[in-house]
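# A closer look at the structure
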Amino acid sequence: MRKMMSCLSSTALLAVTLLAQAASASDRTKDDERLRNSGTVLKEILNVPDSIPQDLLDKADCVVVFPSVLKAAFIVGGSYGRGAMSCRKGENFRGPWGAPTMMALEGGSFGFQIGGQATDFVLLVMNERGASGILASKVKLGADASVAAGPVGRDASAESDGSLRAEILSYSRARGLFAGVSLEGSTIRPDNGDNRRVYGKEIPVRDIVLAGTVAAPPAAEELISTLDAKTPRHRS
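To keep things clear, this report deals only with the structure shown in the data block. Quantities reported herein were computed from a predicted structural model and do not represent experimental measurements.

### Remarks on the state of the cysteines
- A complete count under the given rule lists one disulfide for this structure.
- A sulfur-sulfur distance of 2.0 Å marks the disulfide that ties cysteine 62 to cysteine 87. What sets the handedness of the cysteine 62 and cysteine 87 disulfide is the S-S torsion sign, and at about 105° it is right-handed. Here cysteine 62, found in strand S1 (residues 62-70), pairs with cysteine 87, found in strand S2 (residues 80-87); they are 25 residues apart in sequence, far enough to count as distant. Neither cysteine 62 nor cysteine 87 differs from the other in exposure class; each is buried.

Here's what the structure looks like:
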């Protein structure tokens, strides 16, 4: 009987271990897919002539992408959108684009007008204060950091007072329609759990994004290469 119980215990322990490994591998696959989707979404949007104004893109310290966020995710409490953020490396955000941190978008009422369709969000972080706040902790948009719907059109500029003062400019794409959208009331934060899986260990978010010592994962190649191609230099 003891041998049987011992055998059953060992089998159960092995099963739990295998299930945990399978779950971890599945989560890592989802993280990689999210990074690839973020790169694809950003490339598609920036390849459209009348999308994000070039002068604003060149002034951005960081770019955040949340691909395929579903309205239903926010109706059911506790769910959120996930994506990635890359920043220009260096303490003053003036270097080349760095490795991404995984990000979470939570709560808020985004004024969805598209039923159950998925929406892509792109956020431009326009100054060091906004970027440093996001890298440090959870930020509530409209309270901890000012946010405004971004102007659209390659030759457009942040002419309105709200856009000129905003630390973050936000955009959405749904059903092929690209527009500025307010995300006021929602929160964004680095997703430390996803970062741990992507990079294989616990690394401070600022070190991932700014230090230049952390290599970007292969799944982030399109995201970083798109930013390098479309806005290689910061222009104040």
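### A look at the pairing of strand S9 (residues 187-190)
- Side-chain alternation along S9 places Thr187 and Arg189 on one buried face and Ile188 and Pro190 on a second face that is also buried.
- Where strand S3 (residues 101-106) lies against S9, four bridges are found, and the strand directions are antiparallel. Bridge assignment links leucine 105 to a residue of S9, and that residue is isoleucine 188.
- Where strand S5 (residues 139-140) meets S9, two bridges bridge the pair, whose relative direction is antiparallel. Bridge pairing in S9 links valine 139 to isoleucine 188.

### Comments concerning unusual backbone geometry
- One non-glycine residue, serine 68, lies in positive phi territory at about 50°.
- Locating serine 68 in the fold gives a position in strand S1.
- Positioned with a positive phi, phenylalanine 93 is a non-glycine residue whose angle comes to about 55°.
- Looking at the element boundaries, phenylalanine 93 is found in the loop between S2 and S3.

### Describing the pattern of salt bridges
- Counting across every chain of the model gives 15 salt bridges.
- With a closest N to O distance of 3.9 Å, aspartate 194 and arginine 82 form a salt bridge. Taken together, the residues aspartate 194 in helix H6 (residues 192-199) and arginine 82 in strand S2 connect sequence positions 112 residues apart.
- Among the residues examined, aspartate 194 registers a relative accessible area of 2% and is labelled buried.
- A network of salt bridges, in which partner residues are shared, links Asp31, Arg34, Arg82, Asp191, Asp194 and Arg197.

### Considering the packing of aromatic side chains
- Enumeration according to the criterion identifies one aromatic pair in this entry.
- With 5.3 Å between their ring centres and 10° between their planes, tyrosine 171 and phenylalanine 178 make a pair best called stacked.
- Under the relative-accessibility criterion, tyrosine 171 is labelled buried at 0%.

### Examining helix H8 (residues 221-230)
- By the burial criterion, the buried members of H8 are Leu223, Ile224, Thr226 and Leu227. In a view along the axis of H8, the buried residues occupy a sector of 160°, so they form one face of it. Seen from the buried face of H8, the exposed residues on the opposite side, beyond 90 degrees, are Glu221 and Ala229.

### Quick notes on the side chain of arginine 173
- Within the element layout of this structure, arginine 173 appears in strand S7 (residues 168-174).
- Among the polar contacts made by the side chain of arginine 173, one reaches the side chain of glutamate 44 at a distance of 2.9 Å.

### Some words on the side chain of serine 186
- Looking at the element boundaries, serine 186 is found in the loop between strand S8 (177-180) and S9.
- Overall, serine 186 belongs to the buried group, its relative accessible area being 0%.

### Overview of the nonpolar core
- In terms of nonpolar packing, the biggest core is built from 59 residues, with Val63, Phe66, Leu123, Leu124, Ile168 and Ile188 touching the most fellow members.
- The element that contributes the greatest number of residues to this core is S1, accounting for six residues.
- The contact partners of leucine 124, leaving out residues within four places of it in the chain, are Ile52, Leu56, Leu57, Ala60, Cys62, Val63, Glu167, Ile168, Leu169 and Tyr171.

### Topic: the environment of aspartate 207
- Structurally, aspartate 207 is set in helix H7 (residues 205-210).
- For aspartate 207, a relative accessible area of 35% translates into the label partly exposed.
- Taking C-alpha positions, aspartate 207 is 9.8 Å from threonine 101, a pair spaced 106 residues apart along the chain.
- Residues in contact with aspartate 207, not counting those within four places in the same chain, are Gly212 and Val214.

About the criteria used
Residues numbered from 1 in each chain as written. Predicted model: local features only at pLDDT ≥ 70, side-chain atom pairs only at ≥ 80, totals over all residues. Heavy atoms only, no water. Disulfide = S-S within 2.5 Å. Helix = DSSP H or I, 4+ residues; strand = E, 2+ residues; numbered from the N terminus. Buried < 20%, exposed > 50% of the residue type's maximum accessible area, 1.4 Å probe, protein only. Pairing = 2+ DSSP bridges. Salt bridge = Lys/Arg side-chain N within 4 Å of Asp/Glu carboxyl O. Phe/Tyr/Trp six-rings, centres within 6.5 Å; stacked < 30°, edge-to-face > 60°. Arc of directions from axis to C-beta. Polar contact = N/O pair within 3.5 Å; in protein donor to acceptor, adjacent residues only side chain to side chain. Core = buried A, V, L, I, M, F, W, Y, C linked by side-chain atoms within 4.5 Å. Contact = heavy atoms within 4.5 Å.

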